[in-house]
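Chain and residue survey
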Amino acid sequence: MSEYRAAEQIRWAVEAAGVVLINGATGAATSLSYPEAAIWDLITRGDSSEKIAAKLCAIAGLEPVAARKFVLDTVEAWRKAGFLRG
Amino acid sequence: MANISLTTACNRDCVYCFAGAQRRSGVSQMSIETFEKALDFLERSGIDEARLLGGEPTLHPEFPRFAEMALERGLRVRVFSNGLMPEPALRWLESHDAAVLMNTTAGDRRQARTLGRLGNRVTLGFNIYTPAFDPAFLLDLIREHGLAPNIRFGLAHPAADGSNRFLHPVHYQIVGTRLARFHEEARAAGVESTFDCGFVPCMFPPGFLDALGPAAADIGTRCSPILDILPDGQVVSCYPLATLAREPLLEDETAAALRSRFSGRFSGYRRLGVFRECAACEVRESGRCNGGCLAASMQRLRPAVAAVSKVEPAAPARRWVVPYVDQPPAFWERLEHEFGRHIREVYFPLPGDVVGSGRPPQPAAQLESFLKRSRLARAVLVNPITLPRPVEEIAPAIIEALKRLIGERGVSSATVSNLLLAARIREALPALPLAASILMDITRPNQALMLEGICDTLVPASSIMRDLPALQALRAAFKGRIRLIVNEACLPGCPYRVQHFHEMCAGFARPESLCGELLEREPWMRLTGAWVLPQHLHLLDGVSDEWKLAGRATLQDAPTYRKVLGAYIHRRPLAPHEIGGGPASPLAPLEIDEAFYARTLRCGRRCHECNLCREYYNETRV
């Protein structure tokens with residue numbers, strides 16, 4: 001089970017170079033480029049942060065510890081920004 | 001620019017219409033006070049053209065008066081029409097200085113009357129909702145009727161509520177290539193092309209925009225947004241986004257201020273663009289393209305965008321077609337009070353002895369008072385199982401009777417059981433929506449094709465009422481509305497049906513239900529009939545646009561009528577013997593399990609090799 005889910009008011013779309021998040025309540029848009037965009041995509045598929053960190057090691061060539069920290073920092077920033085709940 | 005939508009009424013049912021949500025919530029007509037306000041708004045905003053649209057704007061009963069008011073204020077008048085105009089509107093347009101933009105589709109002969117009489121006042125419009133389109137016929141129409149040498153192309157954009165067919169951006173390039181080729185042919189014939197909102201530069205072949213001339217300026221940048229003033233005086237940025245945000249038309253408001261508010265509300269979405277590649281596009285960066293239609297862009301979002309703003313929930317669609325029963329005005333007033341928001345129309349047989357209808361004659365002592373006093377929309381049945389005389393002989397009398405009912409009693413649609421008769425009615429009364437009766441026995445997609453251009457609504461045969469794959473095939477094939485009868489209850493493909501309906505319709509004193517002996521022998525067959533219980537309607541939601549309650553003979557008792565209709569509208573459970581079905585329906589209390597009912601929707605009625613209903617009946621009837 002996913003630890004985080006997209007907040008209800010957030011809608012998102014895939015772009016050529018990342019994803020764009022839109023807050024349905026305010027209309028504000030935020031662009032995410034890679035590798036953050038990949039993290040967003042994996043979260044919405046229901047992956048846990050552990051699993052995402054493991055995939056990031058393979059995708060972005062990060063060390064496991066660095067990947068895990070990167071995922072947790074990113075997710076925490078999104079939670080504070082209201083993009084995620086959980 | 002801003003459009004004034006005079007009415008939601010329309011006498012066509014285009015699959016791509018993005019005003020479907022407004023139309024399904026019932027007919028709404030703009031009042032003269034609101035129209036005055038709209039004209040004030042145009043003047044205040046420095047707009048010199050009144051663009052009148054609908055629905056079909058000429059169906060507004062005050063259309064000539066409204067158009068005249070706009071002219072008197074010194075505004076130019078442009079009417080957006082489907083060409084199926086009532087005679088007074090057409091006469092007004094013939095004699096006044098107004099332009100008409102007429103949307104057309106290939107082969108719609110009903111528009112010829114308007115084209116012939118308005119000639120070069122008409123500019124043709126053509127909406128593209130599929131990449132498989134062929135605009136060549138437009139040049140023939142322009143030549144034949146001497147129309148304005150100009151064609152306005154539109155893209156069918158998605159309504160935010162998902163109610164219409166639209167051109168997916170993945171097909172834009174195919175469409176752009178075809179249009180570029182057509183443009184060369186058209187220009188050689190002296191005809192220019194113009195483009196409505198949503199076209200983007202990258203859908204056309206290189207060099208096309210340079211060759212196009214001034215019209216190229218509109219491609220990619222046209223959405224400002226345009227603003228549509230709805231019949232109730234609310235303003236939306238455009239029809240496709242109408243369910244997401246709307247604003248009242250205030251006394252001191254200008255178009256620029258409203259546009260600014262809508263633009264602000266949707267500004268985040270503007271970043272999207274219709275393609276993934278829009279985010280990094282140089283043309284867009286330079287301001288020569290805004291990324292295409294906002295509604296099309298929103299289709300890329302996951303999940304839906306319904307949370308974008310706080311819009312009041314739309315009124316429920318009027319989806320119920322219900323029978324006239326001979327009850328006093330108080331009954332109809334109460335019915336309107338309780339269920340008026342759900343009732344699409346009340347149907348009754350064509351009065352007099354011109355032709356019969358699908359049931360024995362019923363009492364009609366209160367019919368006149370109903371027609372005079374009730375505000376519920378009314379429809380007339382012209383549906384005997386066979387006509388008593390040849391079509392050509394009997395059609396004029398029927399058409400005359402219909403004209404009287406339309407003019408004097410406000411009848412707004414008709415159900416017809418004979419296709420040739422329907423065609424004659426359509427020729428004589430093009431604005432009258434027609435439904436193909438259940439007695440046309442339509443079961444297959446090729447039959448749906450035969451109805452095209454004649455019938456706006458199709459009531460499928462009772463033999464497939466419980467056959468979901470067959471209904472899905474019809475739904476895909478028929479461009480109009482599908483209406484399912486929920487409680488007719490005849491056996492599927494009943495061999496006794498034609499004689500039974502003949503006896504009912506011909507006025508025999510005691511018409512026989514001829515399936516009685518069969519049902520005595522095989523009572524379980526009562527479970528196979530054409531009925532659906534209120535609690536199971538959702539299983540048929542995707543294949544039906546509207547529902548019809550039968551019951552001219554079986555629901556004459558007022559409390560029973562209200563109970564059954566209320567249960568269906570609110571989907572409260574009923575047992576099959578309570579729904580007012582005919583003599584072939586289950587007569588004793590039976591509990592119908594949803595899993596059982598759902599299974600029968602896909603069984604293909606292979607009763608010769610299946611015991612499901614027999615066993616269910618034997619187990620349940622105790």
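Rules of the game
- Residues numbered from 1 in each chain as written.
- Chains lettered and ligands numbered in written order.
- Predicted model: local features only at pLDDT ≥ 70, side-chain atom pairs only at ≥ 80, totals over all residues.
- Heavy atoms only, no water.
- Helix = DSSP H or I, 4+ residues; strand = E, 2+ residues; numbered from the N terminus.
- Buried < 20%, exposed > 50% of the residue type's maximum accessible area, 1.4 Å probe, protein only.
- Areas by Shrake-Rupley, 256 points an atom, 1.4 Å probe, with all protein chains shown as cover.
- Pairing = 2+ DSSP bridges.
- Contact = heavy atoms within 4.5 Å.
- Axes fitted to C-alpha atoms, helices over the stretch in contact; angles between N-to-C directions.
- pLDDT = per-residue confidence, 0-100.
- Core = buried A, V, L, I, M, F, W, Y, C linked by side-chain atoms within 4.5 Å.
- Arc of directions from axis to C-beta.
- Parallel < 35°, antiparallel > 145°, perpendicular 65-115°, else oblique.
- Left-handed = near helix turned anticlockwise from the far one by under 90°.
- Nonpolar A, V, L, I, M, F, W, Y, C, P; charged D, E, K, R; others polar.
- Buried area = accessible area lost by both parts, 1.4 Å probe.
- Salt bridge = Lys/Arg side-chain N within 4 Å of Asp/Glu carboxyl O.
- Polar contact = N/O pair within 3.5 Å; in protein donor to acceptor, adjacent residues only side chain to side chain.
- Phe/Tyr/Trp six-rings, centres within 6.5 Å; stacked < 30°, edge-to-face > 60°.
- Lys NZ or Arg CZ within 6 Å of the ring centre and 35° of its normal.
- Lys, Arg positive; Asp, Glu negative; His and termini not counted.

1. Some thoughts on the overall build of chain A
Along the backbone of chain A there are three helices and five strands. From first element to last, N terminus to C terminus, chain A shows the α and β order β-β-β-β-α-α-α-β. Split into buried and exposed, the 86 residues of chain A put 45% on the buried side. Counting only carbon and sulfur atoms, one obtains 54% of the accessible surface of chain A, whose full area is about 4300 Å².

2. A word on the sheet that holds strand β15 (residues 434-436) of chain B
Residues and elements named next belong to chain B. Overall, parallel pairing links the eight strands, which are arranged β11-β12-β13-β14-β15-β16-β17-β18 in a closed barrel. Pairing of strand β13 (residues 378-382) with strand β14 (residues 411-416), which is carried by five bridges, proceeds in the parallel orientation. Each bridged residue has a counterpart across the sheet, and for Leu381 the counterpart in β14 is Thr415. Packing of helix α15 (residues 391-409) onto the sheet brings it into contact with β13 and β14, and relative to β13 it is tilted by some 170°.

3. Quick word on the confidence of the model for chain B
All names here are of chain B. Mean pLDDT for chain B: 90, with 97% of residues reaching 70 or above. Mean pLDDT values over the elements of chain B span from 69, in helix α1 (residues 20-24), up to 97, in strand β3 (residues 76-81). Predicted confidence is poor over residues 304-314, with pLDDT under 50, and the contacts of this stretch with residues over four places away or in other chains come to 22 contacts. With pTM at 0.55, the complex prediction returns an ipTM value of 0.75.

4. Some words on the nonpolar core
Residues and elements named next belong to chain B. Grouped together as the largest cluster of nonpolar side chains are 90 residues, with contacts concentrated most on Ile4 and Phe153. Among the elements that make up this core, the one with the highest residue count is helix α7 (residues 172-188) (six residues). For Ile4, the contacting residues outside a window of four places in its chain are Met30, Phe35, Ala38, Leu39, Leu42, Arg51, Leu52, Leu53 and Ile229. Core analysis: the second largest hydrophobic core is formed by 87 residues, Val346, Leu402, Leu434 and Ala567 among them.

5. A word on the sheet that holds strand β3 (residues 18-23) of chain A
Residue and element names in this part refer to chain A. Reading across the sheet, the three strands line up as β2-β3-β4 and stay open at both edges, with antiparallel pairing between neighbours. Single-partner strands in this sheet number two, and they are β2 (10-15) and β4 (29-32). Geometrically, the sheet is characterised by an average inter-axis angle of 20° between neighbouring strands, direction not taken into account. Looking at chain direction, β3 and β4 are connected through four bridges and run antiparallel. Each residue of the ladder has a partner; that of Ile22, found in β4, is Ala29.

6. Observations regarding helix α9 (residues 255-265) of chain B
All names here are of chain B. Considered for burial, the residues of α9 that qualify are Ala255, Leu258, Arg259 and Phe262. Around the axis of α9, the buried residues are gathered within 100° of arc, so they sit on the same side. In this structure, the buried residues of α9 make contact with α2 (32-44), β9 (234-236) and β10 (247-248).

7. Quick look at the packing of helix α1 (residues 36-44) of chain A against helix α2 (residues 49-60) of chain A
All names here are of chain A. Packing of α1 against α2 brings their axes to within 10 Å, and their N-to-C directions diverge by 140°. In this view, α1 runs oblique relative to α2, as classed from their interaxial angle. Considering the relative orientation of α1 and α2, their crossing is right-handed. Judged by residue contacts, Ile39, Leu42 and Ile43 of α1 engage Ile52, Lys55 and Leu56 from α2. The residue inventory of the contact of α1 with α2, partitioned by class, reads five nonpolar, no polar and one charged.

8. Here we look at the interface of chain A and chain B
In this complex, chain A contributes 16 residues to the contact, which on the side of chain B involves 19 residues. Taken together, both faces of the contact between chain A and chain B bury some 1500 Å²; the carbon and sulfur share is 54%. Its salt-bridge partner being Arg300 of chain B, residue Glu15 of chain A comes within 2.6 Å of it at the nearest N-O pair. Summed over the shared surface of chain A and chain B, the result is six residue pairs in polar contact (both at pLDDT 80 or more). Only β2, β3 and β4 of chain A provide two or more residues apiece to the side of chain A that touches chain B.

9. Side note on unusual backbone geometry
Cis geometry marks the peptide bond from Tyr34 of chain A to Pro35 of chain A, where omega comes out at 10°. We note that Ala489 of chain B has phi near 75°; this positive angle belongs to a residue other than glycine. Examined against the element boundaries, Ala489 of chain B turns out to sit in the loop between β17 (481-485) and α19 (497-505). Assessed through its relative accessible area of 1%, Ala489 of chain B is described here as buried. We note that Arg571 of chain B has phi near 60°; this positive angle belongs to a residue other than glycine. Looking at the element boundaries, Arg571 of chain B is found in the loop between α21 (558-570) and α22 (594-600). The class for Arg571 of chain B is partly exposed, based on a relative accessible area of 29%.

10. A word on the pattern of salt bridges
Here the structure, examined in full by the defined rule, presents 47 salt bridges over all chains. We note a salt bridge from Glu50 of chain A to Arg68 of chain A, for which the minimum N-O separation is 2.0 Å. Of the two residues, Glu50 of chain A sits in helix α2 while Arg68 of chain A sits in helix α3 (residues 64-81), which places them 18 residues apart along the sequence. A residue is classified by how much of its surface remains accessible, and Arg68 of chain A, at 36% relative accessible area, is partly exposed. Taking the shortest distance from any N to any O, the salt bridge between Arg113 of chain B and Glu87 of chain B comes out at 3.0 Å.

11. Considerations on the packing of aromatic side chains
Tallying each qualifying case throughout the model produces 28 aromatic pairs over all chains. Considering the side-chain rings of Trp12 of chain A and Trp40 of chain A, the 6.3 Å spacing of their centres and the 75° angle between planes classify their relative orientation as edge-to-face. Residue Trp12 of chain A is found in strand β2, and its partner Trp40 of chain A is found in helix α1; the two are separated by 28 residues along the sequence. The pair formed by Trp12 of chain A and Trp40 of chain A is uniform in burial state, with each residue classed as buried. Ring geometry for Phe266 of chain B and Tyr269 of chain B: centres 6.3 Å apart, planes at 70°, overall edge-to-face. Through successive ring pairs, a cluster of aromatic residues spans Phe126, Phe133, Phe137, Phe153, Phe182, Phe195, Phe199, Phe204 and Phe208 of chain B. The positively charged end of Arg378 of chain B is found above the aromatic ring belonging to Phe370 of chain B, 5.4 Å away from the centroid. Over the aromatic face of Trp531 of chain B sits the side chain of Arg466 of chain B, whose NZ or CZ is 4.8 Å from the ring centroid.

12. Brief notes about the packing of α2 of chain A against α3 of chain A
Residue and element names in this part refer to chain A. At a minimum axis separation of 8 Å, α2 and α3 run at an interaxial angle of 125°. The angle between the axes of α2 and α3 places the two elements in the oblique class. The chirality of how α2 crosses α3 is right-handed. Contacts between α2 and α3 pair Ser49, Glu50, Ile52, Ala53, Leu56 and Cys57 from the former with Pro64, Ala67, Arg68, Phe70, Val71 and Leu72 from the latter.

13. Re the side chain of Arg552 of chain B
All names here are of chain B. With respect to the helices and strands, the residue Arg552 is situated in the loop between β18 (546-548) and α21. One buried charged residue, Arg552, forms no salt bridge at all, with the nearest opposite charge on Glu488 at 9.0 Å. In this structure, Arg552 is in contact with Pro323, Tyr324, Val325, Tyr347, Pro349, Ser357, Gly358, Arg359, Gln362 and Leu381, ignoring residues within four places of it in sequence.

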